[in-house]
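Structure at a glance
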Amino acid sequence: MAITANVDLGNGVTASSCYIIVPTAYVKKFEDNSFKLIYDVIIYKDATDRATNIKSKQIKCREVDHHKITYDPTTSDNPFKLAYADLKTNSSLSSVSDA
């Protein structure tokens with residue numbers, strides 16, 4: 001699973017048609033009995049750069065790279081599916097579509 005999107009990198013710079021994946025997504029229970037879905041994001045210039053899987057080909061964007069959101073443990077949805085759904089609503093992304 002992956003998405004493509006334009007990524008606002010800040011300072012007026014936008015990376016167009018980036019290939020974005022969620023390599024890790026997990027649920028953590030905190031001491032206050034709340035649950036959070038925590039996921040990381042990797043951004044590549046395109047699918048070809050993703051195929052190389054070389055760290056130097058990754059694009060960094062603090063607003064997109066790491067997330068922690070509220071999680072409902074009674075949900076039956078896969079954490080990765082929830083992570084992608086949340087990622088698609090990120091304000092630093094535009095023209096989001098499934099890859």
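Now for a look at the structure at hand. (Residues numbered from 1 in each chain as written. Predicted model: local features only at pLDDT ≥ 70, side-chain atom pairs only at ≥ 80, totals over all residues. Heavy atoms only, no water.)

Attention shifts here to helix α3 (residues 79–87). Regarding α3, the residues found buried are Ala83, Tyr84 and Leu87. Down the axis of α3, the buried set is contained in an arc of 95 degrees. They therefore lie on one face. Its buried side turned inward, α3 meets β1 (3–10), β2 (13–29), β3 (35–44), α2 (62–65), β5 (66–70) and β6 (93–98). The backbone nitrogen of phenylalanine 80 lies 2.6 Å from a side-chain oxygen of the residue at the head of α3, namely asparagine 78. (Buried < 20%, exposed > 50% of the residue type's maximum accessible area, 1.4 Å probe, protein only. Helix = DSSP H or I, 4+ residues; strand = E, 2+ residues; numbered from the N terminus. Arc of directions from axis to C-beta. Contact = heavy atoms within 4.5 Å. Polar contact = N/O pair within 3.5 Å; in protein donor to acceptor, adjacent residues only side chain to side chain.)

So, about the environment of isoleucine 42. Of note, isoleucine 42 is situated in strand β3. Measuring from C-alpha to C-alpha, the distance between isoleucine 42 and histidine 66 comes to 9.0 Å, with 24 residues separating the pair along the chain. Not counting residues up to four positions away in its chain, the partners in contact with isoleucine 42 are Tyr19, Ile20, Ile21, Pro23 and Gln58.

Another point: the side chain of asparagine 6. Structurally, asparagine 6 is set in strand β1. When its relative accessible area of 19% is taken as the criterion, asparagine 6 is described as buried. Looking at asparagine 6, its side chain comes within polar contact range of the main-chain nitrogen of serine 17, at 2.9 Å. Of note is the side chain of asparagine 6, whose polar atom sits 3.5 Å from the side chain of serine 95. When sequence neighbours within four positions are dropped, the list of residues in contact with asparagine 6 reads Thr14, Ala15, Ser16, Ser17, Ser92, Leu93, Ser94 and Ser95.

Here we take up unusual backbone geometry. For asparagine 11, which is not a glycine, the phi torsion comes out positive at approximately 55 degrees. On the secondary structure map, asparagine 11 appears in the loop between β1 and β2. Residue serine 17 is not a glycine yet carries a positive backbone phi of 50 degrees. Counting through the fold element by element, serine 17 comes out in strand β2. The class of serine 17 is exposed, set by a relative accessible area of 52%.

With that out of the way, let us pick up the side chain of serine 92. The residue serine 92 is located in the loop between α3 and β6 in this model. Once you skip the residues sitting within four places of it in the chain, serine 92 turns out to touch Asn6, Val7, Asp8, Glu63 and Val64.

Position of aspartate 49 relative to the elements: it lies in helix α1 (residues 47–52). Using a relative accessible area of 10% as the deciding quantity, one classes aspartate 49 as buried. Sequence separation of aspartate 49 and valine 22 is 27 residues, and the distance between their C-alpha atoms is 15 Å.

By themselves, these are just geometric observations and shouldn't be taken as functional.
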